[in-house]
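# Results of the structural survey
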Amino acid sequence: DFSSSRSILIAEDEVEILESFELILNSGGFSNITSCADSRNILLLLEEKNDIEVILLDLLMPFTKGWEILPLISERFPHIPVIVVTALDELEMAVKCMKAGAFDYLVKPVEKMRLITCVKRAVEKRSIHRENMALKKQILSSSLEHPNAFEPIVTRSNSMLAIFKYIEAIASSSEPVLITGETGVGIELIAQAIHKVSGLKEPFIGVNIAGLDDQNFSDTLFGHKKGAFTGADKNRDGLVKIASLGTLFLDEISEVSMRSQIKLLRLLQEREYFQLGSDLPLKSNARILAASNLNLETLIKQERFRRDLYYRLKTHQIDLPPLRKRLEDLPLLVEHFIKKGCNRMNKQKCLYPEELIPLLQAYAFPGNIRELESMIFDAVSGHKSGVLSLETFKKWISKDNLKLSKDKILMLYNKNLFIEVDTLPTLKQATQQLIQEAMKRADNNQSIASRFLGISQPALSKRMKNIKKRVN
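Keep in mind the model is a prediction, meaning the values are calculated, not measured.

A few words on the overall build of the protein chain. Helix and strand counts for the protein chain stand at 19 helices and 14 strands. The C-alpha radius of gyration computed for the protein chain amounts to 29 Å, which surpasses the reference 23 Å derived for 472 residues by more than 25%, pointing to a less compact arrangement than a globule. Principal-axis analysis of the C-alpha atoms gives the protein chain an extent of 90 × 65 × 40 Å. Within the protein chain, buried positions represent 45% of all 472 residues.

So, in structure tokens, the structure goes:
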């Protein structure tokens, strides 16, 4: 329901049209209407009032034209949807307005229900945005002692909040932290958050140590003395010294050779190390964080990772959930990456279709958040105007979906779904339940639900009509 404390602003200089719009909106449940007949006062009005929910903007007002004001509104008040309502039925102008940030473009005379529906959609979008921001603010301020440290991590997930709280609990410890999770879940952001919460003032040094042989590993981390090997024509400080009193983040720890693992174990246990070409041990005060997207316990069984090093690393351990287990974050992440992509590619902000979130929620995201970012950047890069096309996302998903579907089918075949069921459902009952579940997961979008079921949308529609007939 629309709160009476929030207002619809109608920027229109023709009194008859203004009154007509007020009556239409009143009939649709919108009672708080603010009008502005002088285009020069629109921005002043928005600055003075903080209750404007949606703007209806005429393009042909006297003094300053609507298409000149629209970009200014989008820049200063990007959270307020602007619906252009104009007599200009021109494709070029519609495209121009959508590129400038308009929520929709309606041509006068506007049919009553279309106006009400459009305003309701804008209000809903505004409400969802407000709710997401409020939830994020609540999570990052009222529940945490160091909310600023976690601001780069876009989330409203309770599982992520629990991780944030754990980080605050262990941040003052000097013991190592092992961060695990699938590729693309945001491991380095978590490592940076640990560093920020710890209060360590010295640099955060991150290094990917995958593929380094023993000498390169030692040289990178511990440094060398002049003459230690061919080409060592001067002393070199390693990253351990550079990160002294700070944080050293070792990514892809699972790829370290067994010989290098012994040196790393000594660093963790004794807080000392040897530079190449030196017999004098050096002390280190660097906080060590390590990360792996492989299961280290499996590598231990394969004799590819030392058990003692594993237990030394996992004094504190954080396991990050994959994106498919924090789907409540999808709307926030989609908005974040669209904005980031538009800024990076110097494009006007763009909207996404309502069907996008249900479509993404049904996808397994093997590449996690990094894959979502790439997917959205791909869509934004080819975007011209208006709402982002769903086709770009469908093509991306279809590339990986076949293998994922086969894997899931094999998993289902290997697992008896009816083992605890005494009486099997009939085919009609099973079909009805399957369709109901597909529609639920697709947020009642038949096009997406039909993709889940592997049938066409007309075929799904026909089956749903048959079910409805049987029920009635």
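Strand order in the open sheet formed by five strands is 2-1-3-4-5, and the pairing between neighbours is parallel. Single-partner strands in this sheet number two, and they are strand 2 (33-36) and strand 5 (104-107). This sheet shows a mean twist of 20 degrees between the axes of neighbouring strands, independent of strand direction. Summarising the sheet, strand 1 (residues 7-11) and strand 3 (residues 52-57) pair through five bridges and their orientation is parallel.

This brings us to the sheet that holds strand 10 (residues 247-251). Taken together, five strands build an open sheet; the order of strands is 7-10-13-6-14 and the sheet is parallel. Each having just a single partner strand, strand 7 (204-208) and strand 14 (316-319) make up the two edges of the open sheet. Each strand of the sheet is rotated relative to its neighbour by a mean of 20 degrees, with strand direction disregarded. Across four bridges, strand 10 lies against strand 13 (residues 287-292) in parallel orientation.

Ranked by internal contacts, the top residues of the largest apolar core, which has 36 residues, are Val334, Leu360, Phe365, Leu372, Met375, Ile376 and Phe393. Of all the elements in the fold, those that place two or more residues in this core are helix 13 (330-344), helix 14 (356-361), helix 15 (368-381), helix 16 (390-414), helix 17 (427-441), helix 18 (446-453) and helix 19 (457-471). Discounting residues that sit within four places of it in the chain, Ile376 has contacts with Leu333, Val334, Phe337, Ile338 and Phe393.

Remember that side chains alternate between the two faces of the sheet whenever the strand is regular. Buried residues dominate strand 13, accounting for six of its six residues. Side chains of strand 13 alternate between two faces, with Arg287, Leu289 and Ala291 and Ile288, Ala290 and Ser292 buried alike. Looking at chain direction, strand 6 (residues 177-180) and strand 13 are connected through four bridges and run parallel. From the neighbouring strand, Val177 faces strand 13, where its bridge partner is Leu289.

The subject of this paragraph is the side chain of Ser218. Looking at the secondary structure, you find Ser218 in helix 8 (residues 214-222). Excluding its chain neighbours within four sequence positions, the residues that come into contact with Ser218 are Gly223, Lys263 and Leu276.

Between helix 13 and helix 15, the least distance of the axes is 9 Å, while the angle of their chain directions is 50 degrees. Taken together, the axis directions place helix 13 and helix 15 in an arrangement best described as oblique. In this structure, helix 13 meets helix 15 at a crossing whose hand is right-handed. When helix 13 is examined against helix 15, the residues Leu330, Leu333, Val334, Phe337, Ile338, Lys340, Gly341, Cys342 and Arg344 are found in contact with a partner set consisting of Ile369, Leu372, Glu373, Ile376, Phe377 and Val380. Considered class by class, the residues forming the contact of helix 13 with helix 15 number 11 nonpolar, one polar and three charged.

Counting buried residues along strand 4 (residues 82-86), five of its five residues qualify, which places the element largely inside the surrounding structure. By the alternation rule, side chains of strand 4 split into Val82, Val84 and Thr86 and Ile83 and Val85, which are all buried. Taken together, the three bridges between strand 3 and strand 4 define a ladder with parallel strand orientation. Each residue of the ladder has a partner; that of Leu57, found in strand 4, is Val84. Note that the unit made of strand 3, helix 3 (residues 66-76) and strand 4 has a crossover that is right-handed. Relative to strand 5, strand 4 is paired through four bridges, and the arrangement is parallel. In the sheet register, Thr86 faces strand 5, and the bridge partner there is Val107.

So, on to unusual backbone geometry. For the bond running from Lys108 to Pro109, omega is -5 degrees, close enough to zero to count as cis. You can see Pro109 is positioned in the loop between strand 5 and helix 5 (112-142). Here the phi dihedral of Phe365 falls at roughly 50 degrees; this positive angle occurs in a residue that is not glycine. Mapped onto the elements of the fold, Phe365 is located in the loop between helix 14 and helix 15. In this structure, Asn368 is a non-glycine residue whose phi angle is positive, near 60 degrees. Inspection of the secondary structure puts Asn368 in helix 15.

Counted under the stated rule, the structure contains 18 salt bridges. For the salt bridge of Arg259 with Asp214, the shortest nitrogen-to-oxygen distance reads 3.4 Å. Residue Arg259 is found in helix 10 (residues 258-270), and its partner Asp214 is found in helix 8; the two are separated by 45 residues along the sequence. Assessed through its relative accessible area of 14%, Asp214 is described here as buried. Between Asp237 and Lys241 there is a salt bridge whose closest N-O contact spans 3.6 Å. Lys241 sits in the partly exposed class, given a relative accessible area of 44%. Beyond isolated ion pairs, a larger network of salt bridges with shared partners links Glu12, Asp58 and Lys108.

With that settled, the discussion passes to the packing of aromatic side chains. Per the stated rule, a full pass over the model turns up six aromatic pairs. The interplanar angle of 65 degrees and the centroid separation of 4.8 Å between the aromatic rings of Tyr363 and Phe365 together place this pair among those described as edge-to-face. Its relative accessible area of 0% is what places Phe365 among the buried residues. Counting every residue linked through ring pairs, the aromatic cluster contains Phe217, Phe222 and Tyr273. Cation over ring: Arg40 sits above Phe63, and NZ or CZ is 3.5 Å from the ring centre.

Conventions we followed
Residues numbered from 1 in each chain as written. Predicted model: local features only at pLDDT ≥ 70, side-chain atom pairs only at ≥ 80, totals over all residues. Heavy atoms only, no water. Helix = DSSP H or I, 4+ residues; strand = E, 2+ residues; numbered from the N terminus. Rg over C-alpha atoms; globule rule 2.2 N^0.38 Å. Buried < 20%, exposed > 50% of the residue type's maximum accessible area, 1.4 Å probe, protein only. Pairing = 2+ DSSP bridges. Axes fitted to C-alpha atoms, helices over the stretch in contact; angles between N-to-C directions. Core = buried A, V, L, I, M, F, W, Y, C linked by side-chain atoms within 4.5 Å. Contact = heavy atoms within 4.5 Å. Parallel < 35°, antiparallel > 145°, perpendicular 65-115°, else oblique. Left-handed = near helix turned anticlockwise from the far one by under 90°. Nonpolar A, V, L, I, M, F, W, Y, C, P; charged D, E, K, R; others polar. Right-handed = clockwise from strand over helix to strand, strands pointing away. Salt bridge = Lys/Arg side-chain N within 4 Å of Asp/Glu carboxyl O. Phe/Tyr/Trp six-rings, centres within 6.5 Å; stacked < 30°, edge-to-face > 60°. Lys NZ or Arg CZ within 6 Å of the ring centre and 35° of its normal.

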